[in-house]
Structures are given as C-alpha cells and as structure tokens.
Amino acid sequence: GIPELKSFIHIHAGIDATGLPENPSADFPAQWAVVRDWDAPEGVESPRNIVLCSMPSLIDPTLAPEGKHVLHAYVPATE
C-alpha cells in the first residue's frame, strides 16, 4: 500500500466547465468543505477528516480559459 502522508495536500486543477454554472450560487458555491465524519473523535479536526475546496473561476472568470474552471482542494495537516 501507499504510506500515509503526514502533511497537508494542495491540488490545483483545470477542468472542463461543460454543464457547470458560470456563477456561484447556494446550490453550487465557490467554496465548500467536505467532512468525512462529523462524529469523529476530534471532530472536524480529526486527521484526514476534511477537504476544503474552491472554484475561484466562478468569482473571477479570467482565472481560467473560456469553457474551463479552476479547482483547488486542500487537505489540512491536522495529524
């Protein structure tokens, strides 16, 4: 298997925007968090329990070419 990484992780990706909104909304925000287990022993701060995501090109379309979006995901080093 792959050993666990004991550090933060940043991912920056360019993605196809086909079918995705051009502006942020309540249904498709520009920033969001994904929590694996709200009831984890240390809550949200439990190791590898949260991913913070943003799509800044929803706010500033000049950050990506036409028809594309920029996606950023961050896993904090909470170990």
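Residues numbered from 1 in each chain as written. Predicted model: local features only at pLDDT ≥ 70, side-chain atom pairs only at ≥ 80, totals over all residues. Heavy atoms only, no water.

(A) Highlighting the overall build of the protein chain. Check the secondary structure of the protein chain and you find zero helices and four strands. Secondary structure elements of the protein chain occur, N-terminal to C-terminal, as β-β-β-β. The C-alpha atoms of the protein chain give a radius of gyration of 15 Å, which is well past the 12 Å a tight globule of 79 residues would have. Counting over 79 residues, the protein chain shows a buried share of 25%. For the protein chain, long-range pairs separated by at least 24 residues make up 56% of all intrachain contacts whose partners lie at least 6 apart in sequence. The protein chain carries 4 positive and 11 negative side-chain charges, and their two centres are separated by 10 Å. (Helix = DSSP H or I, 4+ residues; strand = E, 2+ residues; numbered from the N terminus. Rg over C-alpha atoms; globule rule 2.2 N^0.38 Å. Buried < 20%, exposed > 50% of the residue type's maximum accessible area, 1.4 Å probe, protein only. Contact = heavy atoms within 4.5 Å. Lys, Arg positive; Asp, Glu negative; His and termini not counted. Charge placed at Lys NZ, Arg CZ, Asp CG, Glu CD.)

(B) Focus on unusual backbone geometry. Positive phi, normally seen in glycine, also occurs at arginine 48, with a value near 55°. Here arginine 48 shows up in the loop between strand S2 (31-35) and strand S3 (50-54).

(C) Quick look at the packing of aromatic side chains. Here the structure, examined in full by the defined rule, presents two aromatic pairs. With a centroid separation of 6.3 Å and 50° between ring planes, the pair formed by phenylalanine 8 and tyrosine 74 is classed as tilted. Of the two residues, phenylalanine 8 is situated in the segment before strand S1 (9-16) and tyrosine 74 in strand S4 (residues 68-75); the sequence distance between them amounts to 66 residues. You can call tyrosine 74 partly exposed: its relative accessible area is 23%. (Phe/Tyr/Trp six-rings, centres within 6.5 Å; stacked < 30°, edge-to-face > 60°.)

(D) Quick peek at the sheet that holds S3. Here four strands make up an open sheet; going across it, the order is S1-S4-S3-S2 and the pairing antiparallel. If you trace the sheet from one side to the other, it starts and ends with S1 and S2, each paired once. Across the sheet, the mean angle separating the axes of adjacent strands is 20° when strand polarity is ignored. In this structure, S2 lies alongside S3, joined through five bridges in antiparallel fashion. By the bridge assignment, tryptophan 32 is partnered in S3 with cysteine 53. (Pairing = 2+ DSSP bridges. Axes fitted to C-alpha atoms, helices over the stretch in contact; angles between N-to-C directions.)

(E) Representation of the pairing of S3. Strand direction decides the pairing type here: S3 and S4, joined by three bridges, are antiparallel. By the bridge assignment, cysteine 53 is partnered in S4 with alanine 73.

(F) How the structure looks around the environment of proline 65. Note on placement: proline 65 falls in the loop between S3 and S4. Separated by 48 residues in the primary sequence, proline 65 and alanine 17 place their C-alpha atoms 9.9 Å from one another.

Nothing here speaks to function; it is geometry throughout.
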